[in-house]
Amino acid sequence: MLRPGLVASSATTAVVRVPATCGELLQGVLDSGDPVLVSLPIHLAGTVAVTLVAAPGMRAVDPPLPRATAALHLALAHVGWPGGAAVRLGGEVPHGRGMGSSTVDVAGVIAGVAAAAGRRLQPEELVRLTTAIEPSDSSPLPGLWAIDHVHGRSARHLGPAPAGWHVVAVDSGSPIATLDVHAHCGAGPRIDASDVHALHHAATRNDGSELARIATESAERNQSRLPHPLFDDVRAVVARTGALGMCVAHSGSVCAVLCADAATAHRATTAFQARGLDNATWRVASPGVSIEVRAPRAQETAEAGRRTSEQRSARQSPSVASYSSATTAGDAWSTPARTES
């Protein structure tokens, strides 16, 4: 039986967009043993489309990634949907880099199932559900949040994301599996509760210098846990360009320069190019999860329009393959075969 308040209309689709991240402003474990993570969301998102159907035996995920599939089963049980569901993962976010690709899939599936069933999850509820599948990022929540990224026992809103920031990132290694890092290195280096309080204070005051200081210190602490080969290069570019500081993916391969504006980001890009290092620039943005729910009739209209557009494109360029991807320099980091990280 559906839980109270759910709308039992089969073939309803929810299209979910979840921001990617450029690592974290802070990650570690408090003296109490509680894990803490504060993601740095960027203006790049991954998409997940969830369609609820009447057939109870249908549990289709494309591509069939295990954790996205586990998230589908969990979400259907959580909202009490009696039928089945079909999920399509967009795969726009590079995986294995510490940019939140798995969180996009897991949180996107869970939020999509709930929305298609007529329910919007509360932030703390979404964190609990996503961390039930795997360690998660805080990027599905709007603004900056400090969450227990392992157990989902806490979620605290710290304030807005820093206004005007850009990140210039380099990829310092091969794809890394988050669960492997946690298994061998723990949930993060030891941190003090004062770091979380300081980050909260800086966020509410939009104090970019203090936010960057906290992020830089967190990145430095993480070097003894998961060394980034290009760490010294990034630190040198920070010093050369007068950037605010640096951040890292604490369980991934991305390192980045934190820039207060686009002009500084341009200088950082030039400095990386002078070192022969490929890089990508993104604007910091933290809108949280966005969801569009489509009724069956609207879906049919949208699908007809998509087919017409594809047929027109095929007639105009019959020998050219069409690829759908995010239009950012970071696409060069994606790998042909999609796997979980």
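Each remark here, short or long, concerns the structure printed above.
Residues numbered from 1 in each chain as written. Predicted model: local features only at pLDDT ≥ 70, side-chain atom pairs only at ≥ 80, totals over all residues. Heavy atoms only, no water.

**Focus: the overall build of the protein**
Then, in step 1: Scanning the protein from terminus to terminus reveals 9 helices and 11 strands.
Then, in step 2: Considering the protein as a whole, with its 341 residues, one finds that 54% of them fall into the buried category.
Then, in step 3: A sequence separation of at least 24 residues applies to 78% of the contacts in the protein between residues at least 6 apart.
Then, in step 4: Carbon and sulfur atoms provide 53% of the accessible area of the protein, an area that totals close to 14700 Å². (Helix = DSSP H or I, 4+ residues; strand = E, 2+ residues; numbered from the N terminus. Buried < 20%, exposed > 50% of the residue type's maximum accessible area, 1.4 Å probe, protein only. Contact = heavy atoms within 4.5 Å. Areas by Shrake-Rupley, 256 points an atom, 1.4 Å probe, with all protein chains shown as cover.)

**A few points about the pairing of strand β8 (residues 245-248)**
Then, in step 1: By the alternation rule, side chains of β8 split into G245 and C247 and M246 and V248, which are all buried.
Then, in step 2: Across 4 bridges, β8 lies against strand β9 (residues 254-259) in antiparallel orientation. Each residue of the ladder has a partner; that of V248, found in β9, is C255.
Then, in step 3: Count of turn residues in the β8/β9 antiparallel hairpin: 5 residues. (Pairing = 2+ DSSP bridges.)

**Quick notes on unusual backbone geometry**
Then, in step 1: Cis geometry marks the peptide bond from D62 to P63, where omega comes out at -5 degrees.
Then, in step 2: The topology assignment puts P63 in the loop between β3 (59-62) and α1 (66-79).
Then, in step 3: Backbone geometry places N206, a non-glycine residue, at a positive phi of 55 degrees.
Then, in step 4: With respect to the secondary-structure elements, N206 resides in the loop between α5 (193-205) and α6 (208-222).

**Considering the pattern of salt bridges**
Then, in step 1: If you walk through the whole model with that rule in mind, you get 11 salt bridges.
Then, in step 2: Across the salt bridge formed by E220 and R235, the nearest N and O atoms sit 3.9 Å from each other. Highlighted residues: E220 in helix α6 and R235 in helix α7 (residues 231-241), separated in sequence by 15 residues.
Then, in step 3: Close ionic contact of D232 with R235 constitutes a salt bridge, the shortest N to O distance being 3.1 Å. A residue pair is termed a helical-turn pair when its members lie 3 or 4 positions apart in one helix, as D232 and R235 do in helix α7 at 3 residues.
Then, in step 4: Judged by relative accessible area, R235 falls into the partly exposed class, the value being 39%.
Then, in step 5: Look at the salt bridges and you will find they share partners, linking D34, D148 and R153 into a network. (Salt bridge = Lys/Arg side-chain N within 4 Å of Asp/Glu carboxyl O.)

**Some remarks on the state of the cysteines**
Then, in step 1: Considering all chains together, one arrives at 0 disulfides under this definition.
Then, in step 2: Of all cysteine sulfurs, the one in C22 lies closest to C247, which takes part in no disulfide; the gap is 4.2 Å.
Then, in step 3: Judged by relative accessible area, which is 1%, C247 ranks as buried.
Then, in step 4: Just so you know, C255 is unpaired, no disulfide at all, and the nearest cysteine sulfur is the one on C247, 8.3 Å from it.
Then, in step 5: Residue class for C255 comes out buried when judged on its relative accessible area of 0%. (Disulfide = S-S within 2.5 Å.)

**Quick look at α7**
Then, in step 1: For α7, every residue scored as buried is listed here: F231, V234, V237, V238 and T241. Buried residues of α7, viewed axially, fall in a sector of 130 degrees; they line one side. Seen from the open side of α7, the exposed residues pointing more than 90 degrees away from its buried face are D232, A239 and R240.
Then, in step 2: Backbone geometry just after α7 places G242 at a positive phi near 70 degrees. (Arc of directions from axis to C-beta.)

**Quick word on the packing of α7 against helix α8 (residues 262-274)**
Then, in step 1: Between α7 and α8, the shortest axis-to-axis distance is 10 Å and the interhelical angle comes to 130 degrees. When the axis of α7 is compared with that of α8, the two are oblique. Along this stretch, α7 crosses α8, giving a crossing that reads as right-handed. Of the residues in α8, those touching α7 at D233, V234, V237, R240 and T241 are T264, R267, A268, A271 and F272.
Then, in step 2: Counted by class, the contact of α7 with α8 contains 5 nonpolar, 2 polar and 3 charged residues. (Axes fitted to C-alpha atoms, helices over the stretch in contact; angles between N-to-C directions. Parallel < 35°, antiparallel > 145°, perpendicular 65-115°, else oblique. Left-handed = near helix turned anticlockwise from the far one by under 90°. Nonpolar A, V, L, I, M, F, W, Y, C, P; charged D, E, K, R; others polar.)

**Describing helix α3 (residues 123-131)**
Then, in step 1: Taken together, the buried positions of α3 are E125, L126, V127, L129, T130 and T131.
Then, in step 2: Summarising the contacts, the buried residues of α3 are in contact with α1, α2 (101-116), β5 (144-147) and β6 (155-159).

**Quick look at the packing of α2 against α3**
Angle between the axes and distance between the axes: these two values describe a pair of packed helices.
Then, in step 1: Contact geometry for α2 and α3: axes closest at 10 Å, N-to-C directions at 125 degrees. Comparing the axis directions of α2 and α3 gives the class oblique. The hand of the α2/α3 crossing is right-handed. Touching V106, A107 and I110 of α2 are L126, L129 and T130, all from α3.
Then, in step 2: By residue class, the composition of the contact of α2 with α3 is 5 nonpolar, 1 polar and no charged.

**Some details on the environment of W145**
Then, in step 1: Its place among the elements puts W145 in strand β5.
Then, in step 2: Along the sequence, W145 and V36 sit 109 residues apart, while their C-alpha atoms lie 9.7 Å from each other.
Then, in step 3: Those residues in contact with W145 that lie beyond four places of it in its chain are L37, V38, S39, P123, E124, S138, A155, R156, H157 and L158.
Then, in step 4: At 2.7 Å, the side chain of W145 and the backbone oxygen of P142 are in polar contact. (Polar contact = N/O pair within 3.5 Å; in protein donor to acceptor, adjacent residues only side chain to side chain.)

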